Amino acid sequence: MPADADSATHAAESDPPRHYLTVSALSPEDFARLISLSRRMKEEPGAWRQAIPGGRLAMIFDKPSTRTRVSFEAAAVNLGMHPLMLRPDELQIGRGEPPQDTARVLSRMVDAIAWRTYSQAGLESFASHCTIPVINALTDEHHPCQALADLMTIEETIGSLAGRRLAYVGDGNNVAHSLIEAAALAGMHVVVATPEGYEPDTAIVAAARERAATTGGSVELVRDPADAARGADAVYTDVWTSMGEEKERAAREQAFRGYVVTPALMSLARPGAVFLHCLPAHRGEEVEEAVIEGPWSRVWDEAENRLWTEQAVIYALVTGDWRGDQSR
Ligand code: CP
Ligand code: NVA
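Rules used throughout
- Each chain has its residues counted from 1, running along the sequence as written.
- Here every chain gets a letter starting at A, and every ligand a number starting at 1, in the order they are written.
- Per-residue local features are limited, in this predicted model, to residues with pLDDT of at least 70; the limit for side-chain atom pairs, both in listing and counting, is 80 or more; totals at the level of whole chains, interfaces and linings are taken over all residues.
- The side-chain values count all of the structure's non-hydrogen atoms but skip hydrogen atoms and water molecules.
- Here, nonpolar core refers to any group of buried Ala, Val, Leu, Ile, Met, Phe, Trp, Tyr and Cys residues whose side-chain atoms link them within 4.5 Å.
- Residue burial is assigned from relative accessible area. The probe radius is 1.4 Å, only protein chains are included, and a residue is buried under 20% of its type maximum, exposed over 50%, and partly exposed in between.
- Pairs of residues are marked as contacts when any of their non-hydrogen atoms sit within 4.5 Å.
- In this analysis, strands are considered paired if DSSP registers two or more bridges between them.
- In this text, helices come from DSSP runs of H or I with a minimum length of four residues, and strands from runs of E with a minimum of two, each type numbered from the N-terminal end.
- Angles run from 0 to 180 degrees between N-to-C directions of axes, and those axes are lines fitted to C-alpha atoms, restricted for helices to the stretch in contact.
- Throughout this document, a residue counts as near a molecule or strand when at least one of its heavy atoms sits within 4 Å of that molecule or strand.
- Under the rule applied, a polar contact is a pair of N or O atoms within 3.5 Å (in protein, one hydrogen donor and one hydrogen acceptor; residues adjacent in sequence only if both atoms are side-chain atoms).
- We get accessible surface area from the Shrake-Rupley algorithm with a probe of 1.4 Å; when it comes to residues, only the shown protein chains can shield them.
- Cavities and pockets were defined on a 1 Å grid built over protein atoms only: a cavity is a set of grid points that admits a 1.4 Å probe from which the probe cannot escape, a pocket is an open set flanked by protein on both sides within 12 Å along at least five of seven lines, and lining residues are those with an atom within 4 Å of any such point.
- What decides whether a molecule sits in a cavity or pocket is whether more than half of its atoms lie within 2 Å of the grid points.
- Side-chain classes follow a simple rule in which Ala, Val, Leu, Ile, Met, Phe, Trp, Tyr, Cys and Pro form the nonpolar group, Asp, Glu, Lys and Arg form the charged group, and the remainder, Gly included, forms the polar group.
- Grid points are joined across faces, edges and corners, and a volume is the space filled by probe spheres set on the points.

(A) Structural context of the nonpolar core. Residues Tyr20, Phe31, Phe72, Ile135, Leu151, Leu166 and Ile314 are the most contacted members of the largest nonpolar core, which totals 61 residues. Not counting residues up to four positions away in its chain, the partners in contact with Tyr20 are Leu26, Phe31, Val134, Ile135, Asn136, Pro144, Cys145, Leu148, Val313 and Leu317. Counting 25 residues, the second largest nonpolar core, distinct from the first, contains Val191, Ala228, Val261 and Leu265.

Structure representation (structure tokens):
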């Protein structure tokens, strides 16, 4: 069956996307279903063992990873699949084999592919040549698997997501983009505080605002972290310098100096507010030790939830059973 790139970008309630490349490709219903499935998998891990017996998950990581790599591998094993970690320097793709050829070959041998790479456009082109599901394990522009674990963690800690206020403080990067898209799908009010020049992508914000208008949510951009944190149910941050941006480190350290999540900033949030970070964290840069190790922090639950959300994504895409009915 020829692959159709459009299926990755246009979600319909009756026709869930074949791939998971961006959060915005999902409908609000499909996004909520994945969170619900993840929570059920966490509550009843035994019910999903061997749900995809003998399946194969290929993983390619062009950038370093701890959480994403291990969660995909562990999730595949939980489901009865065999994970294949393919080092890019050992693949022919590293010697110039066109990605679209690799896509077609892997489609004949495995059931799903998770790829962490640089270019979102490159990932989408690769997926358009695959006849099996492709999962975005992080690109320069998006980190959709992270956003699922983030919202799952908020929901399991403070309850339903709609109407909640989510503050993002720091760089308008890949993690911020997926978080904004997810918050819009879930009907949350996301307020993003960045220094000038580090705002999230204009087109992503505009599309998220359009989506939020249909879910009762909103997307606001501010300059002052206090304006974001005030009254927030959750405060989120990420590193100032993402993978691949190391040459900009000194300039970024200057630009982000006031964008630190401190206990004082957390005290502006609502009582019971949670602190989240995708990790890895740089204590003393974007977050103070007293916050990440303090009463607000849910970062270890958030990291664990990568496992359950990865498992739900693989299961839903490979089986087509987004409600999780078939393995019960
Ligand atoms: N949060 C996250 O994606 O972590 P890794 O880079 O360790 O996978
Ligand atoms: N924004 C960070 C996220 C790491 C999980 C990066 O891309 O390096």
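(B) Local environment of the sheet that holds strand β4 (residues 134-136). Reading across the sheet, the four strands line up as β2-β1-β3-β4 and stay open at both edges, with parallel pairing between neighbours. The open sheet has two edge strands, β2 (82-86) and β4, and neither has a second partner. With strand direction ignored, the average angle separating the axes of adjacent strands in the sheet is 20 degrees. Relative to β4, strand β3 (residues 112-116) runs parallel, the two being bridged by three bridges. From the neighbouring strand, Ala114 faces β4, where its bridge partner is Ile135.

(C) Here's a closer look at the sheet that holds strand β7 (residues 218-222). If you walk across this open sheet you meet the five strands as β7-β6-β5-β8-β9, and the pairing is parallel. Looking along the sheet, the strands with just one partner apiece sit at the ends: β7 and β9 (274-277). Taken over all neighbouring pairs, the strand axes of this sheet differ in orientation by 20 degrees on average, direction set aside. Pairing between strand β5 (residues 165-169) and strand β6 (residues 189-193): five bridges, direction parallel. Bridging across to β6, Val169 finds its partner in Ala193. Sitting on the sheet, helix α6 (residues 144-158) is in contact with β5, β8 (234-237) and β9, with an inclination near 165 degrees to β9. Of the strands in this sheet, β5, β6, β7 and β8 are in contact with helix α7 (residues 174-185), which crosses β5 at around 170 degrees.

(D) Up close: the site of ligand 1. Near ligand 1 the following residues occur: Ser65, Thr66, Arg67, Thr68, Arg116, His143, Gln146, Cys278, Leu279 and Arg306. Note that an oxygen atom of ligand 1 is positioned 2.6 Å from one of the side-chain N or O atoms of Ser65. For ligand 1, a nitrogen atom lies 2.9 Å from a polar atom in the backbone of Leu279. Burial of ligand 1 by the protein amounts to 95% of the accessible area it has alone, namely 250 Å². One can see that ligand 1 is located within the largest pocket. For the shell around ligand 1, the class distribution of residues is two nonpolar, five polar and three charged.

(E) Local environment of the side chain of Gln120. Considering the arrangement of structural elements, one finds Gln120 in helix α5 (residues 120-128). The buried category is assigned to Gln120, whose relative accessible area is 6%. Within polar-contact distance, the side chain of Gln120 engages the backbone oxygen of Leu21 at 3.2 Å. The residues touching Gln120, leaving out its near neighbours within four places in the chain, are Leu21, Thr22, Asn136, Thr139, Glu141 and His142.

(F) Structural view of the environment of Ala193. Inspection of the secondary structure puts Ala193 in strand β6. Taking relative accessible area as the criterion, Ala193 reaches 0% and is therefore assigned buried. Linking Ala193 and Leu221, residues 28 residues apart in sequence, is a C-alpha distance of 6.1 Å. Dropping the residues within four chain positions of it, Ala193 is found in contact with Tyr168, Val169, Gly170, Val222, Arg223, Asp224, Pro225, Ala228 and Tyr259.

(G) Layout of the layout of surface pockets. In this structure, the largest pocket occupies an estimated 370 Å³ of space. Lining the largest pocket are 23 residues, with Arg116, Val239, Met243, Leu279 and Pro280 positioned closest to its centre. Put simply, the parts of the chain that give the lining of the largest pocket at least two residues each are α3 (67-78) and α7. The residue inventory of the lining of the largest pocket, partitioned by class, reads eight nonpolar, nine polar and six charged. In this structure, the second largest pocket is lined by 15 residues; those nearest its centre are Asp140, Asp171, Asn173, Asn174 and Glu245. The class makeup of the residues in the lining of the second largest pocket is two nonpolar, six polar and seven charged.

All we've got here are geometric facts, nothing functional implied.
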